[in-house]
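# A look at the structure
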Amino acid sequence: MATGTLSADALGLREELAALSRWLLDADPAFRHGRRARVSADAPPGVRAVWEVLRFSAHAGLSAPSLSRSESRERLWRALERWLGPRRGLNEAELEKLPRRFRLVQLESPVEDFWAWVTDETGEEADPEVCVFLLRGGPGTSELRFAEDVPPRTGRSYSRFIASALLGRVLERSWYRARLCLREPLEGRRPFPRLAPEVVHHVEAWATTHHARPFDAELRPRGHWTALSSPSFAAVIEAVASLTGAEVLDALPPSGEQVGVRWEEWERTPGRLVRRSLLLGEGVDARRVQLGTWRGEPFWLEQPARWREEGRAVVHVAAGARARLLAGHLEQTRGEPHSGPPRSVPLQEKAVTMSDEVRESLRREVSWLRALLERRRPEHAQTRRAVKLGADAPAAVRLLWEEVGFSKQLGGFLDNPDEASSRKAALKKLDEWLADASVQGTWRGEEGVLPGASSLLPRVFRRVMDSATAQFGLQVTDESQGSEDPPVVRRSSDSRELELIHPSYVQYVTYKLLQAAFARKEWKVRLALAGASPQPAPHIAPTLWQLAEGLYQLDPLPLCSSSLAFPPSYLSFDSFGALVRGLSMRPAGDSLAFTSPHFHGELVGIEGLSQEQWASLVGGQVLPVTSEGDWAQVRAGHIEELPLLVVAERAHPLRSLLVTEVREGQKRVLQQLKQRHGPTFSVQRW
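My aim in this report is to walk through the structure given alongside it, one point at a time. What you see is a predicted model; the values in this text were computed from it and never measured. (Residues numbered from 1 in each chain as written. Predicted model: local features only at pLDDT ≥ 70, side-chain atom pairs only at ≥ 80, totals over all residues. Heavy atoms only, no water.)

## Details of the pairing of strand β13 (residues 297–304)
The buried fraction of β13 is high, at 8 of 8 residues. Neither face of β13 is left uncovered, since the one carrying Glu297, Phe299, Leu301 and Gln303 and the one carrying Pro298, Trp300, Glu302 and Pro304 both have all their residues buried. Sheet topology places strand β12 (residues 287–294) next to β13; 8 bridges connect them, and they run antiparallel. Residue pairing for β13: Gly292 is matched across the bridge by Phe299. Between the antiparallel neighbours β12 and β13 lie 2 residues, among them Arg295 with a positive phi of about 55°. Sheet analysis places β13 next to strand β14 (residues 312–317), joined by 3 bridges and oriented antiparallel. Note on β14: the bridge partner recorded for Glu302 is Val314. (Buried < 20%, exposed > 50% of the residue type's maximum accessible area, 1.4 Å probe, protein only. Helix = DSSP H or I, 4+ residues; strand = E, 2+ residues; numbered from the N terminus. Pairing = 2+ DSSP bridges.)

## Observations regarding the environment of Val489
Within the secondary structure, Val489 is located in strand β17 (residues 488–491). Residue classification places Val489 among the buried residues on the basis of a relative accessible area of 7%. When residues no more than four places from it in sequence are discounted, the contact partners of Val489 are Pro458, Leu474, Gln475, Val476, Asp478, Leu498, Glu499, Leu500 and Ile501. (Contact = heavy atoms within 4.5 Å.)

## Focus on the environment of Arg272
Note that Arg272 resides in strand β11 (residues 272–280). Setting aside residues no more than four positions away along its own chain, Arg272 makes contact with Trp266, Glu267, Gln290, Thr293, Trp294 and Phe299. Only 2.7 Å separates the side chain of Arg272 from the backbone oxygen of Glu267, close enough to count as a polar contact. Only 3.1 Å separates the side chain of Arg272 from the side chain of Gln290, close enough to count as a polar contact. (Polar contact = N/O pair within 3.5 Å; in protein donor to acceptor, adjacent residues only side chain to side chain.)

## Considering the sheet that holds strand β8 (residues 224–230)
Here we have 5 strands laid out as an open sheet, ordered β6-β7-β8-β5-β9, and antiparallel in their pairing. In this open sheet, the two strands that pair with only one neighbour each are β6 (199–202) and β9 (248–252). Mean inter-strand twist for the sheet, computed between neighbouring axes without regard to direction, equals 25°. Set on the sheet, helix α6 (residues 233–241) makes contact with β5 (176–182), β6, β7 (205–209) and β8; between it and β8 the angle comes to about 145°. (Axes fitted to C-alpha atoms, helices over the stretch in contact; angles between N-to-C directions.)

## Focus on unusual backbone geometry
At Val203, a position not held by glycine, the phi torsion is positive, near 55°. Looking at the element boundaries, Val203 is found in the loop between β6 and β7. Phi is positive for Arg295, close to 55°, though the residue is something other than glycine.

## Remarks on the layout of surface pockets
Looking at the second largest pocket, its volume works out to about 430 Å³. Elements represented by at least two residues in the lining of the second largest pocket include exactly β26 (621–624), β27 (631–639) and β28 (642–649). For the lining of the second largest pocket, the element with the highest residue contribution is β26, accounting for 4 residues. (1 Å grid on protein atoms, 1.4 Å probe; cavity = no way out; pocket = protein on both sides within 12 Å on 5 of 7 lines; lining within 4 Å. Points joined across faces, edges and corners; volume = space filled by probe spheres on them.)

## Here we look at helix α12 (residues 419–434)
Its 16 residues give α12 an end-to-end C-alpha distance of 23 Å, which sits within 8% of 22 Å, the value for a rise of 1.5 Å per residue. Of the residues making up α12, those classed as buried are Ser422, Ala426, Leu427, Lys429, Leu430, Trp433 and Leu434. Buried residues of α12, seen end-on, are gathered within an arc of 155° and therefore sit on one face of the element. What points out from α12, more than 90 degrees from its buried face, is the exposed set Ala420, Lys424 and Lys428. Two or three places before Ala420, at the opening of α12, Asp418 has a side-chain oxygen 3.5 Å from that residue's backbone nitrogen. (Expected span 1.5 Å × (residues − 1). Arc of directions from axis to C-beta.)

## What to know about the packing of aromatic side chains
Per the counting criterion, the structure on display carries 10 aromatic pairs. Between Phe518 and Tyr552, the ring centres sit 5.6 Å apart and the planes meet at 25°, which makes this aromatic pair stacked. Taken together, the residues span a long stretch of sequence, with Phe518 in helix α14 (residues 505–518) and Tyr552 in strand β22 (residues 551–554) at a distance of 34 residues. Under the relative-accessibility criterion, Phe518 is labelled buried at 0%. Taking relative accessible area as the criterion, Tyr552 reaches 3% and is therefore assigned buried. Among the aromatic residues, ring-to-ring pairing joins Trp23, Trp175, Phe192 and Trp206 into one connected group. The lysine or arginine in question, Arg288, covers the ring of Trp263, its NZ or CZ lying 3.9 Å from the ring centre. (Phe/Tyr/Trp six-rings, centres within 6.5 Å; stacked < 30°, edge-to-face > 60°. Lys NZ or Arg CZ within 6 Å of the ring centre and 35° of its normal.)

## Some details on the side chain of Thr477
Considering the arrangement of structural elements, one finds Thr477 in strand β16 (residues 474–477). Within polar-contact distance, the side chain of Thr477 engages the backbone nitrogen of Arg462 at 2.9 Å. Beyond its immediate chain neighbours, meaning those up to four positions away, Thr477 contacts Pro458, Val460, Phe461, Arg462, Val464, Pro486, Pro487, Val488 and Tyr505.

Have a look at this one:
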């Protein structure tokens, strides 16, 4: 796209920007909240045109366009300081590699990497290009440098970058989405040819071509990875079914809910209409897929090659359809398909109603939560103290904190809910932010008057959690309406309005308390359950599953805010032995997906032993790995009562990763392997 020194109107984008604005407001009404056109005075014409038409909303998940270049630099520095923490800072030579004049566009700062997208406004371009720099280095890194000598360019102007980011906010995060690897790029109508030429309208879905980040160029897959998105699960299935096997090299199903079935039973089920059958993938990744409808419910049936001998398969359906499909399948087949709990937990439309029955259930579950906390974090039991609650404290809030109590061990997850100190600390934090010139513009009234701190929060509230900066905000309850289980809301510098986080304080705080309890013993994998598992506290912890004694899976709690999210699912265990024992007892049909590549325990690579040999040595249960990556399966079992995991590589059948709890256990296992198999295997230190 040519830019140069043309005026914003000459760019010819305003009409397309207006069409994009209408589409965003229709596709996701949350974009309507807190919209404003404020842009900094030093913004180039293209930047000004974007936000004069689109209007900025905190829902966009982008840095506020009202930031000037100097404010952008200051905010970037503060974000870097928070991310670096006690580690050594960057040297000035590294920071000089940034463009001489830039505007902050987007920040990402997870634990291990720091991403920042900025414009390059060194020249006089009306629509400046966006470039990105990445700092690599997790906790303990002594020196941090740019991943490349010069922050690379994205090849996209500011207007194209913003359009792609906003479209992605809806297409990738809010809607159903199937990912396809196609032999050739999809062709079709391009609704936004200048702003987002990668977006194509296909059948009744929206197709987006995969864009690798500049640093990930070596990871670009074969073929053309394309995401097909729609608010309708049926539309995604229809769009995929319109393609032939010759066009599709590989495909990943849309998110939703799952039902484990037997392939043969499903084939015999009356009323099943198959729209398309596909054979996808290669080798160990090969699988067969059927797309169609059954009793009006669209489905995606999938069977990996490794499941074919056992006849297992999984049906993917829309959120909320699992129960209907499961009941109907039981009726039609008169069999017992591998059923499990629904994997997506919908938000409550309102907070918990405190009937006598619900109150008693909450009392039992909170008592269970306290016992779990004290078992997992005994220092909490030793230092816990009563929370000072006012006479008007909501019933559910009182029930929770009178049982659990507060201690400094919970401080990294929640703020003290004590009523008086909670209010005082929240108002003090807001006063600090109101003194910051970079956030005053958002909170000034229509007449330019800066409000008082107390007017920015609900009339009655208690602090839940605050962050280091106004952009990420202050989380509090809204107890103004007298709800017995009040909602959690957030006040941030990105919006003039209070943002709803979750309708139930008890559920939100319970999730944070579970994070505190599970913090020391966790493995970042997620089980797709074929067999039913109990929920120890369904009212206060609807996303917690007890897989076995001492073994739990915590799924993320759905939030109303699209700019906040809890981490992906993970397993937590009382001990490594409980983890292995629990996994080894799972029913056939469970599968496993890695949400992080990290392992808990002592690791060593073993080369030269087949999976059949491992089966004779370890026994136990095999869990297929369904996530992308190096690993094909995880075997959980024992050698001479020593718990261990054997993780098989996908590309090298004779290469595995051995995981034990301690180094001494690893030595004992290696001795056993040497006695039984001698020189036929080799050890690779991990």
